[in-house]
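Observations on the model geometry
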Amino acid sequence: MLEIKNLHAELEEDSDVKILNGVSLSVKPGEVHAIMGPNGSGKSTLSYVLSGRDGYAVTDGSATLEGESLLDMEPEERAAAGLFLAFQYPVEIPGVGNMTFLRTAVNAQRKARGQDELSAGEFLKLVRAKAKELQIDAEMLKRPVNVGFSGGEKKRNEILQMAMLEPRMCVLDETDSGLDVDAMKLVSDGVNKLRADNRGFLVITHYQRLLNHIKPDVVHIMSHGRIVKSGGPELALEVEENGYGDLLAEGAA
Amino acid sequence: MIPRAKLKAQKVEAAQALLDGRSLPEGGAWITRARKDARARLQTMGLPVKRDEYWKYTDPRRLTDAAAQDARLHDMGDEAPLFDSFDRVRLVFVDGVFDAGASDALALDGVEISTLTEAGAHDLHWARDLYGVLEARGQSPVERTLASLNTAHATEGLVIRVTAKAEKPIAIIYQRSDPQSDAMVHHLVRVEAGAEATILENGPFAARFNQVMEVDVADGATLHHVRAQGRDHERAGVTHLFARLGAGSQLKSFTLTANGALIRNEGVVWLDGAEGSAHLAGATVGDGAFHHDDTVFVTHGAPRCESRQVFKKVLRGGAVGVFQGKILVDQIAQLTDGYQISQALLLDEDAQFLAKPELEIYADDVKCSHGSTSGEIDPNQLFYLRARGLSEDRAKLLLVLAFLAEALDEIADPDLAEDLRQRMEAWLERRA
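Remember, predicted model here, so these are calculated numbers, not experimental data.

Glancing now at the overall build of chain A. Assigned secondary structure in chain A consists of 10 helices and 12 strands. Against the 2.2 N^0.38 benchmark of 18 Å for 253 residues, chain A shows a C-alpha radius of gyration of 18 Å, consistent with a compact globule. Dimensions of chain A along its principal axes, counting C-alpha atoms only, are 60 × 40 × 35 Å. Looking at chain A as a whole, 43% of its 253 residues qualify as buried. Long-range pairs, those at least 24 residues apart, make up 71% of the contacts in chain A with a sequence separation of at least 6.

Scanning chain B for helices and strands turns up 10 helices and 20 strands. Taking 432 residues into account, the globule formula puts the C-alpha radius of gyration at 22 Å, and chain B, at 21 Å, falls close to it. Structurally, chain B occupies a C-alpha span of about 70 × 55 × 55 Å along its principal axes. For chain B, the residues scored as buried account for 53% of the 432 residues in total. Taking all contacts inside chain B whose residues are at least 6 apart in sequence as the whole, residues at least 24 apart take part in 85%.

Residues and elements named next belong to chain B. At a minimum axis separation of 9 Å, helix α8 (residues 379-387) and helix α9 (residues 392-408) run at an interaxial angle of 130°. Regarding the angle of α8 to α9, the classification is oblique. The element α8 and its partner α9 pack so that their crossing is right-handed. Residue-level inspection shows Gln-381, Leu-382, Leu-385 and Arg-386 of α8 in contact with α9, the latter providing Glu-392, Ala-395, Lys-396, Leu-398 and Leu-399. Of the residues that constitute the contact of α8 with α9, the class distribution is 5 nonpolar, 1 polar and 3 charged.

Turning our attention to the nonpolar core. Burial of nonpolar side chains together is a common tendency in soluble globular proteins. Core analysis: the biggest nonpolar cluster contains 200 residues, and Ile-170, Ile-172 and Val-269 of chain B have the highest contact counts within it. Among the elements that take part in this core, α9 of chain B stands out by supplying 10 residues, more than any other.

Moving on, we get to the pairing of strand β11 (residues 236-245) of chain B. Residues and elements named next belong to chain B. Of all 10 residues in β11, 10 are buried, a share of seventy percent or more. Summarising the sheet, β11 and strand β13 (residues 262-271) pair through 10 bridges and their orientation is parallel. Counterpart to Gly-237 in the pairing with β13 is Ile-263.

Take the sheet that holds strand β16 (residues 306-316) of chain B next. Residues and elements named next belong to chain B. Strand order in the open sheet made by the 10 strands is β2-β1-β6-β8-β10-β12-β14-β16-β18-β20, with mixed pairing throughout. Of all strands in the sheet, those bounded by a partner on one side alone are β2 (97-98) and β20 (367-375). Of the pairings in the sheet, the one linking strand β14 (residues 277-287) to β16 comprises 11 bridges and is parallel in character. Residue pairing across strands places Gly-286 opposite Leu-315, the latter belonging to β16. With respect to the sheet, α9 is in contact with β14, β16 and β18 (337-346), its orientation differing from that of β16 by roughly 155°.

Take the interface of chain B and chain A next. Often, the extent of an interface is quoted as the loss of accessible area on bringing the components together. With 17 residues of chain B at the interface, the matching set in chain A holds 20 residues. If you list the elements that add at least two residues to the side of chain B that touches chain A, you get α8 and α9 of chain B. In terms of residues, the side of chain B that touches chain A owes the most to one element, α8 of chain B, which gives 7 residues. When grouped by side-chain class, the residues that make up the side of chain B that touches chain A number 9 nonpolar, 4 polar and 4 charged.

All names here are of chain A. Summarising the element assignment, Met-184 is placed in helix α7 (residues 181-194). C-alpha separation for the pair Met-184 and Arg-209, spaced 25 residues apart in sequence, amounts to 9.3 Å. Leaving out residues up to four positions away in the same chain, Met-184 has contacts with Asp-176, Leu-179, Leu-210 and His-213.

Bringing the sheet that holds strand β17 (residues 320-329) of chain B into the picture now. All names here are of chain B. The sheet built from 10 strands is open, its strands ordered β3-β4-β5-β7-β9-β11-β13-β15-β17-β19 with mixed pairing. Sheet topology places β3 (107-108) and β19 (352-361) at the edges, where each strand pairs with a single neighbour. Of the strand pairs in this sheet, strand β7 (residues 182-191) and strand β9 (residues 208-217) are connected by 10 bridges, and their pairing is parallel. Counted as the bridge partner of His-186 is Val-212 from β9. Across the face of the sheet, helix α7 (residues 145-153) comes into contact with β7, β9 and β11 while running at roughly 85° to β9.

Its 14 residues place the ends of helix α4 (residues 120-133) of chain A 20 Å apart at the C-alpha level, agreeing with the 20 Å of an ideal helix rising 1.5 Å per residue. Trailing α4 of chain A by a residue or two, Gln-135 of chain A shows a phi angle of about 55°, which is positive.

Before going further, it helps to examine the confidence of the model for chain B. On average, residues of chain B score 95 in pLDDT, and 99% of them are at 70 or above. Under the prediction, the complex receives an ipTM of 0.95, its pTM being 0.91.

Before going further, it helps to spend a moment on helix α2 (residues 29-45) of chain B. Residues and elements named next belong to chain B. Spanning 17 residues, α2 covers 24 Å between terminal C-alpha atoms, matching the ideal 24 Å at 1.5 Å per step. In this fold, the buried residues of α2 make contact with α1 (4-19), α4 (116-121), α5 (125-128), α6 (133-137) and α7. Once α2 finishes, Gly-46 follows within two positions and takes phi at roughly 85°, a positive value.

Glancing now at unusual backbone geometry. Residues and elements named next belong to chain B. Put simply, Ser-140 and Pro-141 share a cis peptide bond, and its omega is 5°. Assignment of secondary structure puts Pro-141 in the loop between α6 and α7. Although it is not a glycine, Phe-205 adopts a positive phi angle of roughly 80°. Locating Phe-205 in the fold gives a position in the loop between β8 (196-202) and β9.

Attention now goes to the environment of Thr-255 of chain B. Residue and element names in this part refer to chain B. With respect to the helices, strands and loops of the structure, Thr-255 is situated in strand β12 (residues 250-258). Through-space distance from the C-alpha of Thr-255 to that of His-225 is 8.3 Å; in sequence the pair is 30 residues apart. When sequence neighbours within four positions are dropped, the list of residues in contact with Thr-255 reads Arg-227, Gln-229, Asn-265 and Gly-282.

The subject of this paragraph is the packing of α2 of chain B against α7 of chain B. Residues and elements named next belong to chain B. The contact between α2 and α7 brings their axes to 7 Å, and the two run at 150°. Classified by the interaxial angle, the pair formed by α2 and α7 is roughly antiparallel. Taken as a pair, α2 and α7 cross one another with a handedness that is left-handed. In this structure, α2 uses Ala-34, Arg-35, Ala-38, Arg-39, Arg-41, Leu-42 and Met-45 to contact α7, whose residues at the interface are Thr-145, Ser-148, Leu-149, Thr-151 and Ala-152. Of the residues that constitute the contact of α2 with α7, the class distribution is 6 nonpolar, 3 polar and 3 charged.

So, how was this worked out
Residues numbered from 1 in each chain as written. Chains lettered and ligands numbered in written order. Predicted model: local features only at pLDDT ≥ 70, side-chain atom pairs only at ≥ 80, totals over all residues. Helix = DSSP H or I, 4+ residues; strand = E, 2+ residues; numbered from the N terminus. Rg over C-alpha atoms; globule rule 2.2 N^0.38 Å. Buried ≥ 20, exposed ≤ 12 C-beta atoms within 10 Å, placed from the backbone. Contact = placed C-beta atoms within 7 Å. Axes fitted to C-alpha atoms, helices over the stretch in contact; angles between N-to-C directions. Parallel < 35°, antiparallel > 145°, perpendicular 65-115°, else oblique. Left-handed = near helix turned anticlockwise from the far one by under 90°. Nonpolar A, V, L, I, M, F, W, Y, C, P; charged D, E, K, R; others polar. Core = buried A, V, L, I, M, F, W, Y, C linked by C-beta atoms within 7 Å. Pairing = 2+ DSSP bridges. Expected span 1.5 Å × (residues − 1). pLDDT = per-residue confidence, 0-100.

So this is what it looks like as structure tokens:
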């Protein structure tokens, strides 16, 4: 599903700052992969490069989603192709109602995929049902996008968008940051509900605790812009117990 | 550097040159007196020039030249006129001249409407006490003598007295048929104690226009004013809203401007009674040869009043936006709540925003804040929207409308606000 091969990227403004130094990984449909790694290892940059954020130059390698090259596409084309990034820091947009935003996004993607746009009634029914599951109340839907939302509300709002847009490949960038235990459970339940045979997940996280809720099939350890070790869920437990030190030393050897 | 005295002499000379050969319009005794006084004000103070501090950012020559420049008529295509779906009393001016045939009857429960010509011929006490009176008051501390020129020479206008809660809006429509029209219109509005009305203004007005609206909002009265200034590109014009607010009264004025070679909207408001509330707002969208100036002066002259100025401009392609806004708080005006924000969204490097926000406070227990910013579209917001599948154009459009939303929020009637918002969306979409 998602194939990343030998991906190299540097800062557009400063080509001396090389952030990704040959990332390779392959997520198959139905799988959940986790990427763990210390601060500055390039985890978030990987999510930005995949989703098409400005500021990074890809110098080598490839990233394809179901055979289509992501790197040649505009961000909105990647979204239409089925890629979704749950932001580490969801952006506040004063003046745009959450509902308007969701509806515009859903219909933009449906249109890009050649589907009929949802009517106001259909959309409302759908969003209410999904919002309820995430304990997002009507008031939150009416407010401007992420404005005045707590950390947990912002992350739940990300998952709501994911549920509405039904992407094929979900990248979650430190979705657990800033969440308390209850919020983490809500968000994880939301993600788990979306797990499906035809959908892949790439879960970027700093800590193992999120992976207690969202059980990964494969865990990758990232360091200095490279995957240094891959394994099963037990790898995450190892990080939790011993930190990154041993693993990184091992990877470097 | 031209010495002050010499500058003054030039201004006075220019005024005299403009007035020479222009005799005062025919009218009854009271209005003739008011016109004479206004003419004398103009002769004493002179016409504005770019060297005046108050005209530093806007060159007034197109407004003060003897002849107006032509302005092509904008083809609206199949676009319905704004506010068309609202039940309202329609009062139509064509090239600045009242067109009774095209207008509805001057009748609305709780409202007396007449033309300036009719009112000027009769001894209408309240009109006499208002015509040119607020304009004259507005000449200090800053001169606005284009308004005096208007008081002296305008023959067209409406005289509106609201005595109860008007059941529908009074809609003044400014149509154009002549690419060379040079119009001067002077309206009077008095909202009696406890009464309430909505005045809508819509249309491109004239190739050149000079408008004065003097508004007296009595104790406990409310006036809503929503204005859209048409879309003709080459026009030049100046409008003056002079408003005096009594105790516990409320004024909400909103202006939408798109296109125009030079438009200056002056708003001068006095909060004369305690607990009055004045909101002035504007949303402006300009591209290319566009110069738009909002000049606002709000005086808190009584305690516990509230005022808001919210002005938003979206500019590109060499468009220039100007904001000069002042909150003056008299010593007596304790517990004033004053707010002012002026912001520009510059869509490219050629656009320009010039702002002069001012606070002058003589009371010691007040809350006043002001802010002025200019910037581009936030790249993080743009990326967030695009990552959710919105095209770059669609995302930008949404962010531009979001930027203007705070100004539109100042319109009390949500249906009117939505009508304007949708119209703006359609205009921006066509241009994208």
